[in-house]
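# Structural description and commentary
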Amino acid sequence: MVLKVYRYGEKVLREKSAPVACVTDELRRLADDMIETMHAAKGVGLAAEQVGRLERLCVIDIPDGCEDEADALFNAPIPMPLKLFNPAIIAQEGSQKDKEGCLSFPDVGGSLVRAAQVTCQYLDADNRPQMITARGFLARALQHEIDHLDGILYIDRMTAVERLSYAPKLKKLAKANGGVR
Ligand SMILES: [Zn+2]
């Protein structure tokens, strides 16, 4: 089922998610619905807040051909789509600057600095603890989605100059969706 994607201005995007005690059938269905919603919107990641939920859950699916060849090779053992329950970044290194977008910010782009490589711990849909290390685009997606779960939005991490260039668009978007910045 395709769910409503909440946009910038809605209060839920600024809320912090609560850890999942156990992955239930209901939460597995939610993760599947989030993947369907993300695919329908042509996104590569989606966090629970973006569908109005506060469980600590995000999904990621990086299509073939979106990553640098070396990163794609490095990330190849990581199964897609990813359903990450209670994800946490436990190590990071390097830095990368690239374009980023978000389904909650239609028509807003921007580029920002993220760690080049991250190691992430999470619970999979079968309640098994997992650990992955990712680079490049996937590392960026993990940082973006896990930020959502803490109520942090990618515009918070833009340089002041970049954010200023989107200020009129951001103001309009927030106003149309409840006004919470
Ligand atoms: Zn986002």
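Residues numbered from 1 in each chain as written. Predicted model: local features only at pLDDT ≥ 70, side-chain atom pairs only at ≥ 80, totals over all residues.

## Thoughts on the overall build of the chain
If you tally the helices and strands in the chain, you get five helices and seven strands. Going from N to C terminus, the chain has its helices and strands arranged as α-β-β-α-β-β-β-β-β-α-α-α. Here the C-alpha radius of gyration of the chain, 16 Å, is about what a compact globule of 181 residues would show, namely 16 Å. In the chain, buried positions account for 35% of the 181 residues. (Helix = DSSP H or I, 4+ residues; strand = E, 2+ residues; numbered from the N terminus. Rg over C-alpha atoms; globule rule 2.2 N^0.38 Å. Buried ≥ 20, exposed ≤ 12 C-beta atoms within 10 Å, placed from the backbone.)

## Describing the nonpolar core
In terms of nonpolar packing, the biggest core is built from 30 residues, with Met34, Leu57, Cys58, Val59, Ile60 and Leu142 touching the most fellow members. For this core, the secondary structure elements donating two or more residues are helix H1 (25-40), strand E1 (45-47), strand E2 (57-60), strand E3 (82-93), strand E6 (117-123) and helix H3 (136-149). Ranked by the residues each element gives to this core, the list is headed by H3, at six residues. The contacts of Met34, once residues within four sequence positions are left out, are Leu3, Leu46, Val51 and Val59. One finds Tyr8, Leu13, Phe105 and Tyr154 within the second-largest nonpolar core, a separate group that totals nine residues. (Core = buried A, V, L, I, M, F, W, Y, C linked by C-beta atoms within 7 Å. Contact = placed C-beta atoms within 7 Å.)

## Some points on the sheet that holds strand E7 (residues 129-135)
A sheet is described by the order of its strands in space; here five strands give the open sequence E1-E2-E3-E6-E7, paired in antiparallel fashion. On the outer flanks of this sheet lie E1 and E7, each paired with one strand and no other. Direction aside, neighbouring strands of the sheet carry axes that sit 35 degrees apart on average. Relative to E7, E6 runs antiparallel, the two being bridged by seven bridges. Of the residues in E7, the one forming a bridge with Cys120 is Ile132. Across the sheet, H1 touches E1, E2 and E3, and the angle it forms with E2 is around 40 degrees. (Pairing = 2+ DSSP bridges. Axes fitted to C-alpha atoms, helices over the stretch in contact; angles between N-to-C directions.)

## Digging into the environment of Met1
Tracing the chain through its elements places Met1 in the segment before H1. Once the C-alpha coordinates of Met1 and Tyr154 are considered, the two residues, 153 residues apart in sequence, prove to be 26 Å apart. With residues up to four places along the chain from it excluded, the contact list for Met1 reads Asp33 and Glu36.

## Looking at unusual backbone geometry
For the bond from Met80 to Pro81, the omega torsion is -5 degrees, close enough to zero to count as cis. Its place among the elements puts Pro81 in the loop between helix H2 (69-75) and E3. Within the chain, Lys42 stands out as a residue other than glycine whose phi angle is a positive 60 degrees. With phi around 50 degrees, Asn86 is a residue other than glycine that occupies positive phi space. Here Asn86 shows up in strand E3. With 18 C-beta atoms counted inside 10 Å, the residue Asn86 sits in the partly exposed group.

This is a description of form; function is not addressed.
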